[in-house]
Amino acid sequence: MTGAATTQPEPLTTGSKVWGVIGGVAFLATGLFMYLPARLVAPTYGVVLLWVVWLLLAAAGIVLIRARRPGKLVLLAIASALLWFAVMGVGDVALGWSA
C-alpha cells in the first residue's frame, strides 16, 4: 500500500437513477424503432452511417453511466432522435431518399 487515501464515489440519488433508466430505455427505443428500420427509406450507405453514429452515441452513454451521470442519458436519447430526423430530412430533400 502506498498510503494514498482512496475515496468512494458518492452514491447516486434516486432521481438520478430513475432518469437514468428512463433515458436508457428511450435511447434503446430510438435505436430499435428509428435507426434499425431506416433501411426502408435510406440507401445502404446512409443506414451504415446512421448505425455507426448510433453505436458512437451508445459508447457515449456507457461513458456517462461509468462517470455516474445516468440522468444525462435522457439528453442523449433526445439528441439521438433529433439527429435521426435531421439526417432523414436532409436525405429526403437533398439526396432524394424516399420509401
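Use the structure listed above.
Residues numbered from 1 in each chain as written. Predicted model: local features only at pLDDT ≥ 70, side-chain atom pairs only at ≥ 80, totals over all residues. Heavy atoms only, no water.

Some words on the overall build of the chain
Part 1 of the reasoning: The secondary structure content of the chain amounts to three helices and zero strands.
Part 2 of the reasoning: Reading the chain from its N end, one meets helices and strands in the order α-α-α.
Part 3 of the reasoning: For the chain, with 99 residues in total, the buried portion stands at 27%.
Part 4 of the reasoning: Counting contacts in the chain only where the partners sit at least 6 residues apart, residues at least 24 apart contribute 72% of the total.
Part 5 of the reasoning: Accessible surface, the chain as shown: approximately 6,900 Å² in total, 74% of it carbon and sulfur. (Helix = DSSP H or I, 4+ residues; strand = E, 2+ residues; numbered from the N terminus. Buried < 20%, exposed > 50% of the residue type's maximum accessible area, 1.4 Å probe, protein only. Contact = heavy atoms within 4.5 Å. Areas by Shrake-Rupley, 256 points an atom, 1.4 Å probe, with all protein chains shown as cover.)

Some points on the environment of Ile22
Part 1 of the reasoning: Tracing the sequence through the fold places Ile22 in helix α1 (residues 14–35).
Part 2 of the reasoning: When its relative accessible area of 41% is taken as the criterion, Ile22 is described as partly exposed.
Part 3 of the reasoning: Measuring from C-alpha to C-alpha, the distance between Ile22 and Pro70 comes to 9.5 Å, with 48 residues separating the pair along the chain.

Things to note about the nonpolar core
Part 1 of the reasoning: Among the nonpolar cores identified, the biggest contains 17 residues, and Phe27, Tyr35, Ala38, Leu50, Trp84 and Met88 are the most heavily contacted of them.
Part 2 of the reasoning: Secondary-structure elements contributing two or more residues to this core are α1, α2 (44–66) and α3 (73–95).
Part 3 of the reasoning: Residues within four places of Tyr35 in sequence aside, it is in contact with Thr30, Leu50, Trp51, Trp54, Leu57, Ser80, Leu83 and Trp84. (Core = buried A, V, L, I, M, F, W, Y, C linked by side-chain atoms within 4.5 Å.)

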